[in-house]
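Next come the chains, spelled out residue by residue.
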Amino acid sequence: MGQLGENNGVATPPHSDTGSNHDDMDDSSRQAAAPVPATAPHLPTTLDDSKGLVEEEFMRANLPPLGKYEAEGWGAFHWEIDNWTALGDKVTSGEFTVAGHKWDILLFPRGNQAEDMVSLYVEYKAAEGMADDWHACANFCLAMSNTSDPSVFTHNVAQHRFTADESDWGFTRFMGLRQLMTPTDADTPALLENNRVRISAYVRVIKDTTGVLWHNFHNYDSRKQTGFVGLRNQGATCYMNSLLQSLYFTNEFRSAVYQIPTENDDPKKSVALALQRVFYNLEHSSEASFMQHDVQEFNRVLQDNLETKMKGTAADGAIARLFEGKMKSFIRCVDVDYESSRVENYYDISLNVKGCATLRDSFANYCEVEMLEGENRYQAEGHGLQDAKKGVIFESFPPVLQLQLKRFEYDFMHDAMVKINDRHEFPPTIDLEEFLSDDADRSMPWRYALHGVLVHSGDLHGGHYFGLLRPKAEDKWFRFDDDRVIPITRDEVFDDYFGGEIVPTVPGPGMRRAQAKRFTNAYMLVYIREALRDQVLASGDIQPPAHLLRRIAEAKAEAERRRREKEELLHTLPVSVVNDSHVARHQGFDLSYFDERQPADNAIFSERMRKNMLLSEFKALYAARLGCSPDDFRLWLMVGRVNKTVRCDVPLVTSAPGLTLAQVKDTRSSKWPSLRLYCEMRTPDSPPGFLTEPPPAGMCLLHAKFYDPATARISGVGHLYVQSSDKMAGLPADTPLQLFEEIKPTLIEPMNTALTFSSAEIQTGDIICFQVDGPADDSYTLPDVVKFFEDVHHRVRDADEFGADSASDDAAGAATEAAPVTLALSTRTPYAAVAARVAAELGARDPNKLRFHKVSPVSQLRVPVEPTPTSTLSDMLPPSYYTQNNSVVDGLRESQLEKLGSMRSVRVTYVGKRMKEEHVLEVLVPKAAPSQALVEATYDKVEAALRAADKQHAPKPLQLNFYEVTAHRIVRQLDGSEPMDQVARPAVSEATAKMDIDDQAATSVEVFHFTKDLVRTHSVPFLFSLIPGEPWKDTWVRLSAKLSLGEKELKNMGVVYGPPGTQDLAACRWLQGVRATDSVMSPASTGQHTPDSTPPPLQQPQADEADDSLCLYDVATRGEGPAPLGFIALDHIDRVAAPFPRSVAGVGIGAVYFYSAQRIQKNQDHGHDLALAASSLLLFAMGPKALRTRAPVPTVMSVLGSASAAYYSKKAYEDRYGV
């Protein structure tokens, strides 16, 4: 027949008679063969030497080629069925053995829950005593044929990993019953002829060399299978996971990380501590440890942070020792003896993929020498224009060599980013000696062995990262794919991830030879120098610090506590009980607040109880808490009404005591998460048995509250019962009382006493408020019940908080350090009333001497509150979206408000002896005073801040420089005589560091920060002393100490000196770093490259030879004395604002976003560790078309890499901008 049986991959339920579990084929494992021609070989009924060759030929023709797999053995089994109609619903054949494994055929003649179908499976017969984790991998073919004419047959082919959970596999819809019994034509018999049919099984057992062949990874244990665990993906974090695994298996690096002192670090802020925790969990956790940022960018951010943290510790220099190499950029004249060169450090190398077939080709392309000739000749100092060679040569390679393959590039023709999927081969080992300079150290071979491959799978718009790593020196590889670690073969590493075209296997009969691009290919390579591999990978005695073990033990204990709490939540429910004593003190709506608004001094019973606890048991427990008998009170179920109130509903008597608490809650308030109850205590006039039965019909339970306008307080006076048919006019006409019904928070209505309770719609649980009726008193701020509840409704949910900020200028004023004051106030409270309440709490005599500030919880920016006749508390609060409780942190000044018009608030940035010691202060000084007032007020503020920071030691005497700043440049230094109304804001105060050399001839020069252009300034400028005769290398040491930046960031920083008034970067003298030539576009450039125009030739940025003996003092003063001249400017990225060039080779950068990776998994410990280790997430939206969508993370290197081919020196841009 040659027709394939139907195979739709639908899973089937367990067999009804055995309960064994068996599934139809899924898409990942099935492989159906093509129809076999009518001239198929005869299917023998026995397996003997004479027919084995025929069976082998049939299997070779119909089973898929072995390819990279190796067979343990093969075999065939034929099952003759002589009476089909007599078969039961499920039938098994006899057992047969293939490659030492026992099998049988499982047949469902009338279908396995598939009507009018034949279901057919191969079943593995596990021997007694086999381990639960046994498995066997096999290709198999199931065929049904006519017993008289074997050329009439149908068959299906599959492959499967047989396990205890999936011991049988095959085809639920092998073929239809009608097909089985009906001939295809008059000359061909049916498969089922004379009630007889033959079923054949051809099985080929495949050797599982990795242990995970065709694994479905359900309940897969990475630690058990491989000895390693992965990193859980916290939401698009696979690229960080792959890099962290690579760093973890660099044992020398892991040891250095453990040596970083982090005992006193804040776990929520410390990157080093987070990385220590990650490494520890990778080593000891039995589960997947925890974490997108581009691999290379994340690597640099992480190393920068760790390098700074390692300074001055036992791990100092470990980053540079492991990952830092040196390269030399040179321009060498051909006809004269002149060379300009500069040696630079690097931590990774970006290599081209396009046009390079192998890794060696990429290195050759990187070191390719360019001739500068003709119009592009080089201007050699002292020699004029000369033909020259320009290139890059390596001085050294690091022990751990990280190579970034530029898989993502910008396509100028399509104005879009593209992924390069070209084939690029990387070898197991590579000798890099040919790319070293002649004077490089060759005492040890420069041969490198592959340690890891970071792979990107996907295209430009999305994908997945994983790592292929060799944890030890032995040639055993693993695939680290987020939380899954699986062993892989060496062939997979060195073939499957080169990229290029997929090499098709030999197709079966009727199958087409298809070709396609590989979208899964290597993105980053990690090589280790063979001569140092034992040292780098030495496991040794890598011990985590003791405090880390303690922290992790505490974290585990906390996690266990939370687990128990979570489990407890499943079996318990919150129960709250309020009684009349609570109602008497309650100052709000309803009988009580059943949430966090309930004040601590009137706390109600609120605990979690077992859901299956009987109400009678709970009543006994609550009685014990009250110190009375359960017969002394009755519990009422309280429910939430549609008007958002919580009121009594039904008494819990008669059958209720036999119910559980969960059943009680679900009877009337199933949608509420908690059970809320009211406790009605026995009164002296309660008749016997009254509390054990429901109230008589028509009788309603009401609650009464009395309001006193003189004190603006309300209090519950108890409960009472009324007949709903009675009138409320039982009071004498001259009774001086006003009655109100508390309907809902925004609706308090006077009651008509002429009506009956039922006519007034009064029912059980309602609350009646009353007050004495009399003439209105103007002194009452809340004269009646209605006004009182309006005030309650507009109160801030959490009490407002006021804090005293400074000392009084009035000796009789408030104390210098008043504790915070907490008040419950309505947002409608007038400003004067707020001031009066705060003054009373602080003991200040005059409320008019208090000055309030709004403080943003986000920026801590203080904004003075200017009082007006209509100002209320709502005008004094920060915007409600900043904080949930709308609290006000208030600055208090004992300054007469009428004098505030003559005062000025100045924002002062205080910088300590190191630039990282930065604080923003707000100082209030008289406008008419000289700047000396600002100096003195700032001294007081700084000393107070230092005292608060270090309470054990008194602050040392300070020497501060004061100067005013505009656009991040120093305008002038203040000497104390300038009028304050002429001093611009903000001002900066700077602590002068004590110099090692006390030279009276030293002079100060301005130091400011910029990015690429002198007009693009950022950060806080400062003054820096230049010392006569001091060489530049010593000046740079002092300047570096002042900056307090990481070693790598300092190396990437450009340092220039500019004469006074200089605004052109080209007119400055470069002291350190790489400077851009005129071919590098500046933000002020007017032209942009277009795809139709020809880009200017790329020129190597000229590097000024940094003369370490240069005396900057002599340059700045020009040898004319100590007069301060010029400035020092630092070229680096503002880590806060992160400015980037507005255009790169005509490609507009739409936006640069920095996200805190901590938000990825903020509240989970493991995710938080990796989020901190990630530091930040950098996403790019690039190009006109990309403004609508964010390009994928890998474009970080590719855009800057390809764009720099036109306008930027590759290394200049990478080093200056850190990408």
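Refer to the structure above for everything that follows.
Just so you know, these numbers come straight off a predicted model, no measurement behind them. (Residues numbered from 1 in each chain as written. Predicted model: local features only at pLDDT ≥ 70, side-chain atom pairs only at ≥ 80, totals over all residues. Heavy atoms only, no water.)

J.: Pulling in residues and values, what's your account of unusual backbone geometry?
T.: In this structure, Asn194 takes a positive phi of about 60° despite not being glycine. Locating Asn194 in the fold gives a position in the loop between α2 (177-181) and β10 (197-206). Accessibility expressed as a relative area gives 67% for Asn194, which makes it exposed. (Helix = DSSP H or I, 4+ residues; strand = E, 2+ residues; numbered from the N terminus. Buried < 20%, exposed > 50% of the residue type's maximum accessible area, 1.4 Å probe, protein only.)

J.: Describe the nonpolar core, with residues and values.
T.: In terms of nonpolar packing, the biggest core is built from 48 residues, with Phe253, Phe279, Leu306, Met310 and Phe323 touching the most fellow members. In this structure, Phe253 is in contact with Leu247, Leu275, Phe279, Leu306, Ile319, Leu322 and Phe323, ignoring residues within four places of it in sequence. By size, the runner-up hydrophobic cluster in this structure holds 38 residues, among which are Ile349, Val353, Ile430 and Ala440. (Core = buried A, V, L, I, M, F, W, Y, C linked by side-chain atoms within 4.5 Å. Contact = heavy atoms within 4.5 Å.)

J.: So, the pattern of salt bridges: which residues are in play, and what are the values?
T.: Oppositely charged side chains may form a pair once their charged atoms are brought near each other. This structure, assessed with the given rule, holds 40 salt bridges. Put simply, Asp89 and Arg110 hold a salt bridge, and the shortest N to O gap is 3.3 Å. In this pair, Asp89 is assigned in the loop between β2 (71-81) and β3 (91-92) and Arg110 in the loop between β5 (101-108) and β6 (117-124), connecting sequence segments 21 residues apart. For Arg110, a relative accessible area of 37% translates into the label partly exposed. Between Arg647 and Asp590 there is a salt bridge, with the nearest N and O atoms lying 2.9 Å from each other. Of the two residues, Arg647 sits in strand β30 (residues 646-651) while Asp590 sits in the loop between α13 (580-585) and β28 (605-610), which places them 57 residues apart along the sequence. In terms of burial, Arg647 and Asp590 fall into one category: buried. (Salt bridge = Lys/Arg side-chain N within 4 Å of Asp/Glu carboxyl O.)

J.: Would you mind going over the sheet that holds strand β31 (residues 675-681) in detail, with residue names and values included?
T.: Sheet architecture is open: five strands sit in the order β28-β27-β31-β29-β30, paired in mixed fashion. Two strands close off the open sheet at either side, each with one partner strand: β28 and β30. Averaged over all pairs of adjacent strands, the angle between their axes in this sheet comes to 40°, without regard to strand direction. Taken strand by strand, helix α12 (residues 546-571) contacts β27 (572-579) and β28, and its axis lies near 70° from that of β27. (Pairing = 2+ DSSP bridges. Axes fitted to C-alpha atoms, helices over the stretch in contact; angles between N-to-C directions.)

J.: Describe the packing of aromatic side chains, and please don't skip the residues or the numbers.
T.: A full pass over the atoms with the stated rule returns 41 aromatic pairs. Seen in terms of ring centroids, Phe58 and Tyr202 are 4.6 Å apart; in terms of plane orientation they differ by 40°. Their pairing is tilted. You can see Phe58 sitting in helix α1 (residues 49-62) and its partner Tyr202 sitting in strand β10, a full 144 residues away along the chain. On the basis of relative accessible area, Phe58 is assigned to the buried category, the value being 2%. Each ring, one from Phe397 and one from Tyr448, has its centre 6.3 Å from the other, and the planes form 75°; the classification is edge-to-face. Taken together, the residues Phe397 in the loop between β17 (388-396) and β18 (400-406) and Tyr448 in strand β22 (residues 447-459) connect sequence positions 51 residues apart. Each member of the pair, Phe397 together with Tyr448, is buried. Ring pairs connect the aromatic residues Tyr346, Phe363, Tyr366, Phe394, Phe397, Phe435, Trp446 and Tyr448, which therefore count as one cluster. The lysine or arginine in question, Arg332, covers the ring of Phe330, its NZ or CZ lying 4.4 Å from the ring centre. In this structure, Lys1042 is placed above the aromatic ring of Phe1022, and the distance from its NZ or CZ to the ring centre is 5.7 Å. (Phe/Tyr/Trp six-rings, centres within 6.5 Å; stacked < 30°, edge-to-face > 60°. Lys NZ or Arg CZ within 6 Å of the ring centre and 35° of its normal.)

Limitation: the analysis is restricted to geometry and does not speak to function.
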